[in-house]
Amino acid sequence: MGILNHLFRSSEAVARETQTEDESIIKKWREYIATIPAKKTVIGRLNTNAKFPDDLLKLRRLLSLELVDISDETRDESALISDLEALEHSQKVKRVHKLEQCLGYAETRYQYVYSLLQELHSILKSEMHIIEKLLAKSKKAKRLVSHLRSQLELELEIIKKIEQIRTFHNLFLELVKGEHIIRVMDSSEKRLLRKMQEGMKKIFSDEISGITYEWAMTVFKGIKDKVHEGVANGMFDSYHPDIDFEFANRPEFVDLVRESIQKLRKRKVSEQMINVFVHLFREWYNHERD
């Protein structure tokens, strides 16, 4: 199993199963980084000509590292292309840059690295699946090659972000070895998430009413007050353009969410509901808010 495949399994599995030595983990990361110049060259010249099969085989070898593994996955070509085209490329690039705005702070540095690696994991798997479809002589080769180039562009953006993190190797090791666990939703929270998602998509339109809308608006308006309080009490050194994103991704934001719903209703809301609300609100606030 690839290192990143392992990392994005359950938190318990990460903590229980990783016994690889630090040097081995970092070596595998460096081996991956060393493939980037060759990948850029091959993908840059990729064309459906006589050398096409050789170039595809070279790319498969470059991707066959101990970082990501798709041996237990099968992807339908139409579904793969649909997933790749679900969001415009410019929006995907914007999302990568937004991660830094939202999570590039000392308080969330583990989450930032985790999120970058999550994006990278998805990209590398997509590249592998594209190569497999091309080697199988897909009739949509030109379209897939175009997507492969787009995936490489995203990959390079993520590597740039990672190279700017001076302590990346230490953070990477702690995450991979389970020494720092990023909390993920349990199965019951995921079920609740699915129920809430459709309503939350419309949360800032005029179409939704009721407690969920009031809760979201109370939290949205409360962020500004909490930022002012944070500057006054020393939580933040000073105001900066992304200070609202910083607060929304700090642990104190969860307290605001909890306080807001307690003001709106007498009956106590479960921590499960709080966790789902925080997840959905941050998804919107970090990635979709204009």
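The structure displayed is predicted, hence computed values, not measured ones.

Cut-offs applied
Residues numbered from 1 in each chain as written. Predicted model: local features only at pLDDT ≥ 70, side-chain atom pairs only at ≥ 80, totals over all residues. Heavy atoms only, no water. Helix = DSSP H or I, 4+ residues; strand = E, 2+ residues; numbered from the N terminus. Buried < 20%, exposed > 50% of the residue type's maximum accessible area, 1.4 Å probe, protein only. Contact = heavy atoms within 4.5 Å. Areas by Shrake-Rupley, 256 points an atom, 1.4 Å probe, with all protein chains shown as cover. Salt bridge = Lys/Arg side-chain N within 4 Å of Asp/Glu carboxyl O. Core = buried A, V, L, I, M, F, W, Y, C linked by side-chain atoms within 4.5 Å. Phe/Tyr/Trp six-rings, centres within 6.5 Å; stacked < 30°, edge-to-face > 60°. Expected span 1.5 Å × (residues − 1). Bend = angle between axes of the 7 residues up to and from the residue.

Across its full length, the protein holds 15 helices and 0 strands. In the protein, which comprises 290 residues, the share counted as buried stands at 44%. Look at the contacts in the protein between residues 6 or more apart in sequence, and 76% of them connect residues 24 or more apart. Total accessible area on the protein stands at roughly 16200 Å², and carbon and sulfur atoms take up 47% of it.

Before going further, it helps to examine the pattern of salt bridges. Side chains that differ in sign of charge can pair as their charged atoms come close. Enumeration over the complete set of coordinates arrives at 18 salt bridges. A salt bridge links Arg143 to Glu85, with the nearest nitrogen and oxygen atoms 3.1 Å apart. Taken together, the positions of Arg143 in helix α9 (residues 141-163) and Glu85 in the loop between α6 (77-84) and α7 (89-103) put the pair 58 residues apart, joining distant regions of the chain. According to the relative accessible area criterion, Glu85 is partly exposed, its value standing at 40%. Each of Asp22, Lys177 and Glu179 takes part in one network of salt bridges that share partners.

Here the focus is the nonpolar core. One finds Trp29, Leu117, Phe172, Ile223 and Phe253 to be the most contacted residues of the largest nonpolar core, which totals 80 residues. Ranked by the residues each element gives to this core, the list is headed by helix α8 (residues 109-135), at 13 residues. Residues within four places of Trp29 in sequence aside, it is in contact with Leu67, Leu117, Leu120, Ile162, Phe168, His169 and Phe172.

On to the packing of aromatic side chains, then. One pass over the full model with this rule turns up 14 aromatic pairs. An angle of 80 degrees between the planes, with centres 6.3 Å apart, marks the rings of Phe247 and Phe253 as edge-to-face. Phe247 gets classed as buried once you look at its relative accessible area, which sits at 1%. A relative accessible area of 0% places Phe253 in the buried class. Ring geometry for Phe253 against Phe281: centres 5.5 Å apart, planes inclined by 35 degrees, an arrangement best described as tilted. Here the residue Phe253 occupies a position in helix α14 (residues 251-264), and Phe281 occupies one in helix α15 (residues 271-287), the gap between them amounting to 28 residues. Each member of the pair Phe253 and Phe281 is classed as buried. Clustering of aromatic rings is evident, with ring pairs tying together Trp215, Phe220, Phe245, Phe247, Phe253, Phe277, Phe281, Trp284 and Tyr285.

Relative to the helices and strands, Val269 is located in the loop between α14 and α15. Sequence separation between Val269 and Arg258 is 11 residues; the distance between their C-alpha atoms is 8.2 Å. Apart from residues lying up to four places away in sequence, Val269 is in contact with Trp215, Ile261 and Ile274.

The periodicity of an α-helix, 3.6 residues per turn, causes residues three or four positions apart to be oriented the same way. Compared with an ideal rise of 1.5 Å per residue, which puts 23 residues at 33 Å, helix α12 (residues 211-233) spans 31 Å between its outermost C-alpha atoms and is within 8% of the ideal. Of all the bends in α12, the greatest, near 30 degrees, is centred on Ile223. When we look at burial in α12, the residues that qualify are Trp215, Ala216, Met217, Val219, Gly222, Ile223, Val227 and Gly230. Against α13 (243-248), α14 and α15 lie the buried residues of α12. A positive backbone phi angle near 90 degrees is found at Gly234, which sits one or two residues after α12.

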